[in-house]
Number of protein chains: 2
Amino acid sequence: MPRESMPREMAIPEELISLRMSIDNIDAALVYLLAERFKCTRMVGTLKASSGLPAADPTREVEQVARLRRLAEAANLDPVFAEKFLKFITEEVIRHHNAVRS
Amino acid sequence: MPRESMPREMAIPEELISLRMSIDNIDAALVYLLAERFKCTRMVGTLKASSGLPAADPTREVEQVARLRRLAEAANLDPVFAEKFLKFITEEVIRHHNAVRS
């Protein structure tokens, strides 16, 4: 790794500013996609509750994990992280579903 | 699966199939966006390490949380969840940064 330091006046290098702008753009896209995903899962929750279907579907969940891991590998994202991510989102979905049923 | 081939109580409503397809599409988009975000944060990590900048930037982090909460409100996403989400992603970023520095 190069050891030469940045000049002191360049506290925030241009490259860092540019990367942060990209991260901020991606975060905005993630927030809007997550909002859309929860809109879908709320509809799933309402549909399941109204049609007497069980909230959990283990077969679907196994398929989702396997698919997400494949997608993560294709995208060069750690599949273990992708699985953790799905679990994190699903915990929120379950919280919503319970709120619909209570 | 064709409806006639399964018992009535096992049938998955068309609306549920459609919603699951939307969720799967959104998940693919999320995976690719997350891959791109980690690509950016890895570059940030390398840049910080090579230029002697500290890994953490509390001012930036406070701004990111505030911005994400505002975006979440605009997108009708729970701002508390949005903040939890950023924390979840950031923990993975820190894991990557530590790997670069070790």
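Residues numbered from 1 in each chain as written. Chains lettered and ligands numbered in written order. Predicted model: local features only at pLDDT ≥ 70, side-chain atom pairs only at ≥ 80, totals over all residues. Heavy atoms only, no water.

J.: What am I meant to see in the packing of helix α1 (residues 14-51) of chain A against helix α1 (residues 14-51) of chain B here?
T.: When two helices pack together, their arrangement is given by the angle between the helix axes and by the axis-to-axis distance. The interhelical angle for the contact between α1 of chain A and α1 of chain B, taken along N-to-C directions, is 160°, at an axis separation of 9 Å. Our classification of the angle between α1 of chain A and α1 of chain B gives roughly antiparallel. Judged by the sense of rotation from one axis to the other, the crossing of α1 of chain A with α1 of chain B is left-handed. Grouping the constituent residues of the contact of α1 of chain A with α1 of chain B by class yields 24 nonpolar, 4 polar and 12 charged. (Axes fitted to C-alpha atoms, helices over the stretch in contact; angles between N-to-C directions. Helix = DSSP H or I, 4+ residues; strand = E, 2+ residues; numbered from the N terminus. Parallel < 35°, antiparallel > 145°, perpendicular 65-115°, else oblique. Left-handed = near helix turned anticlockwise from the far one by under 90°. Nonpolar A, V, L, I, M, F, W, Y, C, P; charged D, E, K, R; others polar.)

J.: Help me out: how do you make sense of the nonpolar core in this one?
T.: Generally speaking, nonpolar side chains in soluble globular proteins are found buried as a group. One finds Leu 34, Leu 77 and Phe 85 of chain A together with Leu 34, Leu 77 and Phe 85 of chain B to be the most contacted residues of the largest nonpolar core, which totals 52 residues. Counting residues per element, the ones that place at least two in this core are α1, α2 (58-75) and α3 (79-101) of chain A together with α1, α2 (58-74) and α3 (79-101) of chain B. Setting aside anything within four residues of it in sequence, one finds Phe 85 of chain B in contact with Leu 30, Leu 34, Phe 85 and Phe 88 of chain A together with Leu 34 of chain B. (Core = buried A, V, L, I, M, F, W, Y, C linked by side-chain atoms within 4.5 Å. Buried < 20%, exposed > 50% of the residue type's maximum accessible area, 1.4 Å probe, protein only. Contact = heavy atoms within 4.5 Å.)

J.: It is not clear to me how the relation of the copies chain A and chain B should be interpreted in this structure. Could you clarify?
T.: Here the two chain copies are tied together by a rotation about an axis and a shift along that axis. When chain A is fitted onto chain B, the two copies agree to an RMSD of 0.2 Å after a turn of 180° and an axial shift of 0.0 Å. The two molecules are tied by a two-fold rotation axis, judged by turn and shift. Across chain A, the rotation axis passes nearest the C-alpha of Leu 30 of chain A, at a separation of 3.3 Å. The residues that chain A uses at the interface reappear at the interface of chain B in 89% of cases, marking a shared surface. (Least-squares fit on C-alpha atoms with pLDDT ≥ 70 in both.)

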